[in-house]
Amino acid sequence: MSSCGITLQQRPCRFFWPYLFFRSFKFEFCYSNPHHFGNNFYHSSDSPGSLEFLYASLLEKSTERNHLKQIHSQLYRHGLQSDGFVITKFIRRGCDLTEVEYARQLFDEFPEPYVSLWNAIIMGYSTHNMLDKVVDMYWRMQRGLVSPDPRTFPHVLKACGGLAAEEIGLAVHAQIFRHGLEGDVVVQNGLVAFYVKCGKIDRARVVFDGLNRKNVVSWTSIISGYIQHGHPVEALRLFRDMRGSGVKPDWISLVSVGKAYSDIDDLEQGRCHHSLVMKMGLEFEPDLRIALTSLYAKCGQVMAAKSLFDQMKVHNVILWNAMISGFVKNGHAIEALDLFYEMISKDIQPDAVTLQSAVLATAQLGSLEQARLMDFYVKNSQFRDDVFVNTALIDMYAKCGNLELARQIFNQISNKDVVVWSSMIMGYALHGLGKEAADLFNEMKHARVSPNNVTFLGLITACSHSGLIDKGWEFFNSMKEFGIQPSQQHYAGVVDLLGRAGCVEKAYNFITAMPVQPGVSVWGALLSACKTYRQVALAEYAAERIFALDPLNIGHYVQLSNLYASSRMWDGVAKVRVLMKKKGLNKVLGCSTIEINGKLHAFRMGDKTHSRSEEIYNKLEWLETRLVECGFAPDKESALHDLDEEEKEAILCNHSERLAIAYGLISTAPGTTLRITKNLRACVNCHSATKLISKLVNREIVVRDAKRFHHFKNGSCSCGDYW
DNA sequence: CGCTTCGAGG
């Protein structure tokens, strides 16, 4: 006899209490007539009409723990307190209402839970990302000799992947094999995702290839796997295969594919992708729109991204992050910060990613005042101890010219990882402090943190910028002891190290002995050494290589041209100029900014647009006179930063940084440190002039150029004339 | 079962 029949016939008088519940929960169908259940037509526990079914329906309508408890207390009256079907429903509903603890309590009270109950609680933990609990329950289940079923495995695999618990996952794989679940696409998809998360993309591929009926989740798992492991091209190839095999993409798969296009920075394909999304009618899927916004932002189409952003109805934090980080990536620091402040003013809570992007924007801006504000904001937020945000803060303070504050942040971080150490070392490199970088590296080894390729890049750069040739060379050679392959950047760093110190020949020999083909950066380092030491023939050779590899980068042409000019080889200058014209390249104009009272003032060379222009030029003239009195004689040959303007260039040097300095002098109190940010590298003349100015006016002047920091004080510069 | 924002440099 069915449980339904027994229940209803034995306890008919108690029957109408669920009816009251129905009323109070506005249930859509109301069994007002108890006789409706009087027949024995329904006979399985999950058919409508059974008491179990009524419980299940009630549970679906409950919205809080107290409802659940109320209903649960009724179970004893019906002798259902140990009914697996009903308790399973209770556990599931409890988990849905994020009452996982309560669900667990119900589970624990159940005398001998069988597989459905285990699955319910495991699923609950899994959906709330309590992954260690999932693994724990799985282990208990094994010990209780309850055999898992196909519904158990996906959650356990998700947990193993999330915890990077490779060994456990492998054991689960073996168990899946023993269960003969090769054909279960959901379980196998779980395996694919597990191997992806453990970094075993090849094994994931083997599982994927073994599936004879792949669904859209199978394809998305392997495609996103390739994207996460830096193979967007293979991912896109698989996406084509997927469409060829007739599997229709859903919005989640399109999110992944969008990321692949942004990774290969292919705007054209990205636009095609957008039209595919529209063709499939998925353009209003919120998360897909976020992915598209991010795609446009990363491909440099900031305005397109912004218009998508503005069109979105719901602005969640991920969308804001995509937009803010998009601005930062494309060098629009001010827009990024504007957006950040807009977000705060709208009371949208930033998360760690938002703060990180905002800090990066501040670093780009180079304003120390803004940096302090940002630091203050972070320190008063719940992300004050977030290692990502703090790493960005170190970088920010270093790039805003204050290494002491960078170091303070560094010191306060507990559990410093390799990125934290590397950032601080990079900070020292930026300021040309080789010894400090090397000391920090010793501390790092002491703390038993393994260096990576960036650590060494920082060390070599730091040595190079402070003339520590032997030390830098030593660092380069010690890389292999740490099992790190030198990259092009490291080779370029060594060429820079040797070349800067005047060993141009040695640098060239080093290049010819390289085990890999030298790239643009390596030849570029040689070219700039040749420029400094006026080695025309070798420079021409290097330039030839560079132009073949990277014909559209203006910087190299300018450098070669400047070398010709400083060697009075005017036909060479003309030749380069023709070459640049032919390629349609325009020089980047020098621009310097100075922050006065929280406002940025930007100056171009010869700029007369500033409202206090007259005062600025008066001050400049005054400075120039004083400089000449001190015996300052500009080196005309190397002052040819702007070739078109060279004839017009009077004794008065009007390079942008000098305008910024002059403005700083007339608008701040005596003794105030001037902080200037410049988009190009400092020219020799301005560098020596600034040294003298710092002494003349008794001011510290901090200049961030395109490559590094210069701290001018009392007639000398922290770079030791070595940059 | 699968997805989107993200740190040090170039």
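Residues numbered from 1 in each chain as written. Chains lettered and ligands numbered in written order. Predicted model: local features only at pLDDT ≥ 70, side-chain atom pairs only at ≥ 80, totals over all residues. Heavy atoms only, no water.

Chain A is annotated in an unreviewed UniProt entry as Pentatricopeptide repeat-containing protein from Dorcoceras hygrometricum. Here is the UniProt Sequence similarities (unreviewed entry) comment for chain A, exactly as written: "Belongs to the PPR family. PCMP-H subfamily." (UniProt positions renumbered as here; feature names shortened; annotations may be inferred.)

Enquirer: How should the overall build of chain A be read in this particular structure?
Expert: In terms of helices and strands, chain A carries 37 helices and 6 strands. When the 723 residues of chain A are sorted by exposure, 50% land in the buried category. Taking as baseline every contact in chain A between residues at least 6 positions apart, the subset at least 24 positions apart corresponds to 63%. Taken as a whole, chain A presents about 34900 Å² of accessible surface, with 53% of it coming from carbon and sulfur. (Helix = DSSP H or I, 4+ residues; strand = E, 2+ residues; numbered from the N terminus. Buried < 20%, exposed > 50% of the residue type's maximum accessible area, 1.4 Å probe, protein only. Contact = heavy atoms within 4.5 Å. Areas by Shrake-Rupley, 256 points an atom, 1.4 Å probe, with all protein chains shown as cover.)

Enquirer: Sorry, what's going on with the confidence of the model for chain A here?
Expert: A low pLDDT score tells you not to read the predicted coordinates there in detail. Mean pLDDT over chain A stands at 85; residues scoring 70 or higher make up 90%. Note that pLDDT drops below 50 for residues 1–44; the model gives that stretch 55 contacts with residues more than four away or on any other chain. Note that residues 638–652 has pLDDT below 50 and, in this model, 33 contacts with residues that lie over four places away or in other chains. (pLDDT = per-residue confidence, 0-100.)

Enquirer: What should I look at first to understand the UniProt feature "repeat: PPR" (unreviewed entry) in chain A in this one?
Expert: Per the UniProt annotation, the sites labelled "repeat: PPR" (unreviewed entry) are residues 215–249, 316–350, 417–451 and 452–486. Here residues 215–249 runs as 74% helix and 0% strand, with 10 Å between its end C-alpha atoms. The span residues 316–350 shows a helical share of 74% and a strand share of 0%, and its end C-alpha atoms are spaced 10 Å apart.

Enquirer: I'm lost on the packing of helix α23 (residues 387–399) against helix α24 (residues 403–412) in this one. Help?
Expert: Packed helices, taken two at a time, are described by the angle between their axes plus the distance between the axes. Where α23 contacts α24, the axes come no closer than 7 Å and their chain directions differ by 165 degrees. Between α23 and α24, the interaxial angle falls into the category roughly antiparallel. In this structure, the crossing between α23 and α24 has a hand that is left-handed. Contacts between α23 and α24 involve N390, L393, I394, Y397 and A398 from the former and L403, L405, A406, I409 and F410 from the latter. (Axes fitted to C-alpha atoms, helices over the stretch in contact; angles between N-to-C directions. Parallel < 35°, antiparallel > 145°, perpendicular 65-115°, else oblique. Left-handed = near helix turned anticlockwise from the far one by under 90°.)

Enquirer: When you look at the protein's contact with DNA strand B in this model, what are you seeing that I'm missing?
Expert: By nearness alone, 43 residues border DNA strand B, and H155, N189, D250, N321 and Q356 come closest of all. Restricting attention to atoms of DNA strand B within 4 Å of the protein, one finds that 60% of them are sugar or phosphate atoms. The side chain of H155 places a nitrogen or oxygen atom 3.1 Å from a phosphate oxygen of DNA strand B. Contact between DNA strand B and S423: a sugar or linking oxygen at 3.1 Å from a side-chain N or O atom of the residue. (Near = heavy atom within 4 Å. Polar contact = N/O pair within 3.5 Å; in protein donor to acceptor, adjacent residues only side chain to side chain.)

Enquirer: Help me understand the pairing of strand β1 (residues 591–596) in this model?
Expert: On any regular strand, side chains alternate: one points to one face of the sheet, the next to the other face. Among the 6 residues that make up β1, 5 are buried, leaving the element largely enclosed by the rest of the structure. Relative to strand β2 (residues 599–604), β1 is paired through 6 bridges, and the arrangement is antiparallel. Within β2, the position partnered with I596 by the bridge is K599. Counting the residues between successive antiparallel strands, the hairpin from β1 to β2 contains 2 residues, one of them, N597, with a positive phi of roughly 50 degrees. (Pairing = 2+ DSSP bridges.)

Enquirer: Would you mind showing me how to read the pattern of salt bridges here?
Expert: If charged atoms from side chains of opposite charge come close, those side chains can pair. Under the counting rule described, the total for this entry stands at 23 salt bridges. For E624, the salt bridge is made with R658, and the minimal N-O distance between the two is 3.4 Å. One end of the pair, E624, is in helix α35 (residues 613–629); the other, R658, is in helix α36 (residues 656–667), with 34 residues separating them in the sequence. Salt bridges here are not isolated pairs; linked through shared partners, they connect R205, D209, E234, R237 and D241. (Salt bridge = Lys/Arg side-chain N within 4 Å of Asp/Glu carboxyl O.)

Enquirer: I would appreciate a short explanation of the nonpolar core in the present structure.
Expert: One broad rule of soluble globular proteins: the nonpolar side chains tend to lie buried together. Judged by nonpolar contacts, the single largest core of 180 residues is most densely connected at I91, I223, M396, L526 and L560. Core analysis: the second largest hydrophobic core is formed by 25 residues, L627, A660, Y663 and C719 among them. (Core = buried A, V, L, I, M, F, W, Y, C linked by side-chain atoms within 4.5 Å.)

Enquirer: Quick question: what am I supposed to make of the packing of aromatic side chains here?
Expert: For any pair of aromatic rings, geometry is given as the distance between the ring centres together with the angle between the planes. Taken as a whole, this structure holds 21 aromatic pairs when the rule is applied. Note on F456 and F482: the rings are 5.7 Å apart at their centroids and 50 degrees apart in plane angle, and the pair reads as tilted. One end of the pair, F456, is in helix α27 (residues 453–465); the other, F482, is in the loop between α28 (469–478) and α29 (488–500), and 26 residues separate them in sequence. For F456, a relative accessible area of 0% puts it in the buried group. Note on F482: relative accessible area 33%, which makes it partly exposed. (Phe/Tyr/Trp six-rings, centres within 6.5 Å; stacked < 30°, edge-to-face > 60°.)

Enquirer: Explain helix α37 (residues 684–696) to me, please; I cannot follow it from the model alone.
Expert: For an α-helix the count is 3.6 residues per turn, leaving residues at separations of three or four pointing the same way. With 13 residues, α37 ought to run about 18 Å at 1.5 Å a step, and its terminal C-alpha atoms sit 19 Å apart, in line with that. Summarising the contacts, the buried residues of α37 are in contact with α35, α36, β4 (701–704), β5 (709–713) and β6 (716–717). At the C-terminal side of α37, N698 shows a positive phi close to 55 degrees. (Expected span 1.5 Å × (residues − 1).)

Enquirer: Mind showing me how you'd approach the environment of Y428 here?
Expert: In this structure, Y428 sits in helix α25 (residues 418–430). Assessed through its relative accessible area of 9%, Y428 is described here as buried. Residues Y428 and A462 lie 34 residues apart in sequence; the distance between their C-alpha atoms is 6.5 Å.

Enquirer: How should the sheet that holds β5 be read in this particular structure?
Expert: Strand pairing in a sheet is mediated by backbone hydrogen bonds. Such pairs are either parallel or antiparallel. Spatial ordering of the open sheet is given by β2-β1-β3-β4-β5-β6, a layout of 6 strands whose pairing is mixed. Looking at strand neighbours, the two that pair on one side only are β2 and β6, the edges of this open sheet. Across 4 bridges, β4 lies against β5 in antiparallel orientation. Residue pairing across strands places V703 opposite H710, the latter belonging to β5.

Enquirer: Mind showing me how you'd approach unusual backbone geometry here?
Expert: Note on backbone geometry: most residues besides glycine have negative phi, and most peptide bonds are trans. Its identity is not glycine, yet N129 carries a phi of approximately 55 degrees, on the positive side. Considering the arrangement of structural elements, one finds N129 in the loop between α7 (115–127) and α8 (131–143). We classify N129 as exposed; its relative accessible area is 52%. Even without a glycine there, the phi angle at A164 is positive, about 50 degrees. Tracing the sequence through the fold places A164 in the loop between α9 (153–163) and α10 (166–178). With relative accessibility at 52%, the residue A164 sits in the exposed group.

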